[in-house]
Amino acid sequence: MTEQTEIHGVYGAPPREVAEAAAGATQFSPLVPGAERLEDLAEGALAGLTVLAPPGTVERRHVMALGLRALSPTGRLIIAAPKDKGGSRLKKELEAFGCAVNEDSRRHHRICTVRRPDAPVGLDAAIADGAPRFSEALGAWTQPGVFSWDRIDPGSALLAKTLTPLAGKGADFGAGIGVLAKAALASPKVESLLLIDSDRRAVEAARRNIDDPRATILWGDVRTAGIEPGSLDFVIMNPPFHDGGAEDKQLGQAFIRQAAGALRRSGTLWLVANRHLPYEKVLAEVFKLVTPRADTGGYKVFEARR
Ligand SMILES: C[S@@+](CC[C@H](N)C(=O)[O-])C[C@H]1O[C@@H](n2cnc3c(N)ncnc32)[C@H](O)[C@@H]1O
């Protein structure tokens, strides 16, 4: 165990000028494919951890509690967040765990530094609050922090309702906990479905939700997944429009280009998006025929043919 206390961790990508992680730190964010799991660390295994805190309260307290549990007696937890995305609550939340908090402020972020308290309060409860669970409302496994974790996204519901039965080999780009995949697999003509998501927690939930030999579920980045060009009959997606908290139209546009590259001639992309997102131009650029299939409740659905 001695060498374990040498582990320095980082969670996410804290801006350097806000909180610098130790050189060579091990990545623990579930949003970084291939990262290690904070959940699996032994108590006291971490020499230090630098965290860019997630904005959701339950998820943030879960990460704080996992970090504090894993910290060695001499280790430091440095945790930062933009003021308007949970930063102004960090100090209180850490104090509630029994921490003595040193708070700093830089570049619109609050930065708190703590050591593991001798007698931490409520770590197990916060870990349980943010853990994977079966949701009766969703009829599926889920976890705080994954996309639309406690309700079906109305856009996904609209696409699931609008889809005509699919056939052949397909993929679900940014599959989340598997809502669209389930709808696609309802068609017996689907031969195989590759689900890809960059959020490990969503992937683990999807593995529990999709019990179908036709499905392969991958923790990875759609942009670098290396799908064989021209190999798919269909792609379904409700593409992400946030990267690291900020709206990012380019991410969805990259998903559309990846789909076009992965589809065979006449292969089909089914896509749903918020009405305000500008996807029409890139769809027209990389697909032969783009047909709007639904436009309601602030969402639009397109069927696009290669
Ligand atoms: C709008 S959600 C859709 C989730 C699910 N398909 C649904 O309909 O409920 C987009 C998903 O894309 C994932 N994602 C974001 N960036 C990604 C990337 N670069 N590669 C793969 N998945 C990504 C997110 O984790 C999220 O689960």
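Residue positions within a chain follow its written sequence, with the count starting from 1. Local features in this predicted model are restricted to residues whose pLDDT is 70 or higher, and side-chain atom pairs enter the listing and the counts only when it is 80 or higher, whereas totals over whole chains, interfaces and linings include all residues.

**Some points on the nonpolar core**
Okay, step 1: With 55 residues, the main nonpolar core has Ala181, Ala184, Leu195, Ala206, Val235 and Ala259 as its most contacted residues.
Okay, step 2: Not counting residues within four places of it along the chain, the set of residues in contact with Ala181 comprises Asp172, Ala175, Leu193, Leu195, Ala206, Ile210 and Ala215.
Okay, step 3: The next biggest cluster of nonpolar side chains, apart from the first, holds 36 residues, and it includes Leu77, Cys99, Ile111 and Leu123. As used here, a nonpolar core is made of buried Ala, Val, Leu, Ile, Met, Phe, Trp, Tyr and Cys residues. They are joined through C-beta atoms within 7 Å. Exposure classification rests on a simple neighbour count of other C-beta atoms within 10 Å of a residue's own: a residue reaching 20 or more is buried, one at 12 or fewer is exposed, and one in between is partly exposed. C-beta atoms are placed from the backbone. Each residue gets a C-beta atom placed from its backbone, and two residues are in contact if those atoms lie within 7 Å.

**A few points about the sheet that holds strand β3 (residues 46-52)**
Okay, step 1: An order of β2-β1-β3-β4-β6-β5 is seen for the six strands of this open sheet, with the pairing classed as mixed. At either end of the open sheet lies a strand with only one pairing partner, and these are β2 (26-27) and β5 (102-106).
Okay, step 2: Pairs of strands are assigned from DSSP output, requiring at least two bridges between the strands. Secondary structure elements follow DSSP: runs of H or I no shorter than four residues count as helices, runs of E no shorter than two count as strands, and numbering proceeds from the N terminus. As defined by bridge partners, β5 adjoins strand β6 (residues 109-115) across five bridges and the pair is classed as antiparallel. Counterpart to Ser105 in the pairing with β6 is Arg110.
Okay, step 3: Axis geometry follows a simple rule: fit a line to the C-alpha atoms, using only the stretch in contact for helices, then measure angles between N-to-C directions, giving values from 0 to 180 degrees. Packed on one face of the sheet, helix α1 (residues 57-70) meets β1 (7-11), β3 and β4 (71-82) and runs near 160° to β4.

**Regarding the site of the ligand**
Okay, step 1: The criterion for a residue being near a molecule or strand is simple: its C-beta atom, placed using the backbone, must lie within 6 Å of it. With respect to spatial proximity, 20 residues lie near the ligand, and among them Ser156, Gly174, Gly176, Asp199 and Pro240 are the closest.
Okay, step 2: Only α5 (179-185) and β10 (190-197) provide two or more residues apiece to the shell around the ligand.

**As for the domain arrangement of the protein**
Interface size is commonly expressed as the accessible surface area that is lost when the partners come together.
Okay, step 1: Throughout the structure description, domain borders are defined by an automatic or database domain assignment. The assigned domain composition of the protein is domain 1 (2-129) and domain 2 (134-305).
Okay, step 2: Spacing between the C-alpha centres of domain 1 and domain 2 amounts to 32 Å.
Okay, step 3: If you look at the interface, domain 1 gives 11 residues, while domain 2 gives 11 residues.
Okay, step 4: For the side of domain 1 that touches domain 2, the per-class residue count stands at seven nonpolar, two polar and two charged. Amino acids are sorted into nonpolar (Ala, Val, Leu, Ile, Met, Phe, Trp, Tyr, Cys and Pro), charged (Asp, Glu, Lys and Arg) and polar (every other residue, Gly among them).

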